[in-house]
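These are the residues of each chain, in order.
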Amino acid sequence: MHINDASLCRPLFTAEHSLPSHTVTLQFEDESISVPAGITVAAALLLKGAGHFRITPVKSSPRAAYCMMGVCFECLVEIDGKPGRQACLATVREGMAIRRQQGASELPPLAEENQNGE
Amino acid sequence: MEWATDRAPRGVWRARPLLTRKSMESKEEVIIVGGGVVGAAIAFGAARSGAPVILLDQGDIAHRASRGNFGLVWMQSKGDGFPRYAKWCREAVDFWPALAKELFELTGIDVDLRQNGGFWIGFSEAEMRAREAMLEKLKDVGPGIPYEMLDRAALKAHLPAIGPTVAGGSFCPLDGHVNPLKLLYALHASLKTLGAQVFSNVDVVHVSHQQEHGIFHVKSVDGRVWRAPRMVLAAGLGNKKLAAQVGLYAPVEPNRGQVLITERLKPFLPYPTNKARQTAEGTVQLGYSIEDVGLDDGTTVSAIEWIAKRAIATFPILSDVRLVRAWGALRVMTPDGSPIYQESVSCPGAFVATSHSGVSLAGTHAYVVGPWMAGLSAEPQDMAEFAGDRYRDPARSFSNAH
């Protein structure tokens, strides 16, 4: 399957004029993007033409946000180093670092095993 | 509709000499009531042996234990106090590779069998000692049930992710796991391939035996009737009422288990354990509660919390992963937790089969129970020990781990 790895492509959506003019700046992969404050990460990526959000774990196919309401788990991304976050449920924040979710989520290294199990 | 035009006449009109009911060559029609993993495996075993099979599946109103289970192919610790059952479980694990292979060849469905051993995980020395005593008692069953006790360091060498409060564990190289949904799917797909007739949305409410003709009538709530000289009741919790209608005793009760599923994770758990298993696709299934709550198959915050806490104690690296689902399902539990297999004395040709371990025992149900109940092979040895009548004996008392 061909996956367009260009970080940004032509947006599928445009913003309504009613969106707040205040913006925040995010990192998506290796690019800075400026998006309206208060929207979700999924909305931001769709507005900016991010293309696929993630690569599926089993068949390595590209997927993007679908239900936009927290149900389908198609919009998984890595946010600030945490894998498997639902982009449609997270609100954009200044300085947020977003990467595409590549397959299954990584677990933390075992060396970091903590003592909170009881 | 299919039934009304095509199937109804078969049982009614086909000439069927009475004397052939017990004949090994007759290949009589057999109705299997219940399309879960027990009924479907027996149906598969009967159909692959050449019996004409009619499988009646209750549909979406069923409790569907087969769609909610944990997916372990497990024998270590099963049959304590019931040697015939321990031997039965021992034989069952040996059938699994052949079953997975045959289902794949027939249907192209890989049921994700991984049978490279399984670990039980203990949190105290007392638990470890009790475990060892039990496994030691079972080790000479059949061709042997090998096991190994591992202290914390030895266990960590195999399961590096165990947490600091884990005391140790036991290992049995014969154990494993499968995807139970793919197993059910593959069994049903194979039935189609083998030419069995499968009817969905059949809520069987009454079964009866026409002594004169040696024919069973199986009636659904909407008035449809199927007829055949053989009938297997594999209706899970429904067996309790149906068995009594043909002189069988199957005092099964529901017992709820809740389980959790995580997001898909990179592989970290190379073996199944009694508390968690990582599926072929990467999700981790976390178990499980044991609750006596009647027919309520819902979930509760307290059980979900308890399961999650225990999972994190077992494998602390799970503390940040996301859960994507939780569900409850109803175990089909007998008074001693062991299966019931029996042919009716008063209604010969009627059988009951019920087991809480429908996944672990799937190979035995397919290759031994199916041909037996279809009349194509002799009754296996010592099956009387599995008769439901054992629960009627006032001199015996029963308990199960649930």
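What you see is a predicted model, and the numbers here were worked out from it, not measured in a lab.

### Remarks on the overall build of chain A
When helices and strands are counted, chain A shows 1 helix and 7 strands. Walking chain A from its N terminus toward its C terminus, one meets helices and strands in the order β-β-α-β-β-β-β-β. Counting across all 118 residues of chain A, residues that qualify as buried make up 27%. Taking as baseline every contact in chain A between residues at least 6 positions apart, the subset at least 24 positions apart corresponds to 44%.

### As for the sheet that holds strand β15 (residues 284–286) of chain B
Pairing between sheet strands relies on hydrogen bonds along the backbone, with the strands arranged either parallel or antiparallel. Residue and element names in this part refer to chain B. Ordered by their spatial adjacency, 4 strands build an open sheet running β14-β15-β13-β16, and the pairing between neighbours is antiparallel. Sheet topology places β14 (276–278) and β16 (323–333) at the edges, where each strand pairs with a single neighbour. The sheet shows a mean angle of 25 degrees between the axes of neighbouring strands, direction not considered. Where β14 lies against β15, 3 bridges are found, and the strand directions are antiparallel.

### Some points on the sheet that holds strand β10 (residues 215–220) of chain B
All names here are of chain B. Strands sit in the order β9-β10-β11 across an open sheet of 3 strands; the sheet is antiparallel. In this open sheet, the two edge strands, each paired with only one partner strand, are β9 (204–210) and β11 (225–228). Strand-to-strand twist across the sheet, computed as the mean angle between neighbouring axes with direction ignored, equals 20 degrees. Pairing between β9 and β10: 6 bridges, direction antiparallel. Residue pairing across strands places His206 opposite Lys219, the latter belonging to β10.

### A word on the packing of helix α2 (residues 37–48) of chain B against helix α6 (residues 180–193) of chain B
All names here are of chain B. Where α2 contacts α6, the two axes come as close as 9 Å, and the packing angle between them is 35 degrees. The two elements α2 and α6 cross, and the hand of that crossing is left-handed. Between α2, through Val37, Ala40, Ala41, Ala43, Phe44 and Ala47, and α6, the contact on the second element is made entirely by Pro180, Leu183, Leu184, Leu187, His188, Ser190 and Leu191. Among the residues making up the contact of α2 with α6, the classes are represented as 11 nonpolar, 2 polar and no charged.

### Some thoughts on the pairing of strand β6 (residues 82–86) of chain A
Burial within β6(A) is extensive, with 4 of its 5 residues counted as buried. A loop of 2 residues connects strand β5 (residues 76–79) of chain A with β6(A), the two strands running antiparallel in sequence, and Asp80(A) in this loop sits at a positive phi of about 50 degrees.

### Remarks on the interface of chain A and chain B
In many reports, interface size means the accessible area that the parts give up when they come together. In this assembly, 16 residues from chain A lie in contact with 21 residues from chain B. Partitioning the side of chain A that touches chain B into residue classes produces 7 nonpolar, 6 polar and 3 charged.

### A few points about the confidence of the model for chain A
Residue and element names in this part refer to chain A. Residues with a pLDDT of 70 or more make up 86% of chain A, whose mean pLDDT is 87. Per-element confidence in chain A is highest for strand β7 (residues 97–102), whose mean pLDDT is 98, and lowest for β6, whose mean pLDDT is 94. When the criterion is pLDDT under 50, residues 112–118 qualifies, and its contacts beyond four places in sequence or with other chains add up to 14 contacts.

### Observations concerning the domain arrangement of chain B
Residue and element names in this part refer to chain B. Per the domain assignment, the segments of chain B are domain 1 (27–115 + 175–250 + 338–402), domain 2 (118–173) and domain 3 (253–333). A straight line from the C-alpha centre of domain 1 to that of domain 2 covers 31 Å. The interface of domain 1 with domain 2 comprises 14 residues on the first partner and 13 residues on the second. Among the elements that line the side of domain 1 that touches domain 2, the one with the most residues is helix α3 (residues 83–107), at 5 residues.

What counts as what
- Residues numbered from 1 in each chain as written.
- Chains lettered and ligands numbered in written order.
- Predicted model: local features only at pLDDT ≥ 70, side-chain atom pairs only at ≥ 80, totals over all residues.
- Helix = DSSP H or I, 4+ residues; strand = E, 2+ residues; numbered from the N terminus.
- Buried ≥ 20, exposed ≤ 12 C-beta atoms within 10 Å, placed from the backbone.
- Contact = placed C-beta atoms within 7 Å.
- Pairing = 2+ DSSP bridges.
- Axes fitted to C-alpha atoms, helices over the stretch in contact; angles between N-to-C directions.
- Left-handed = near helix turned anticlockwise from the far one by under 90°.
- Nonpolar A, V, L, I, M, F, W, Y, C, P; charged D, E, K, R; others polar.
- pLDDT = per-residue confidence, 0-100.
- Domains from an automatic or database assignment.

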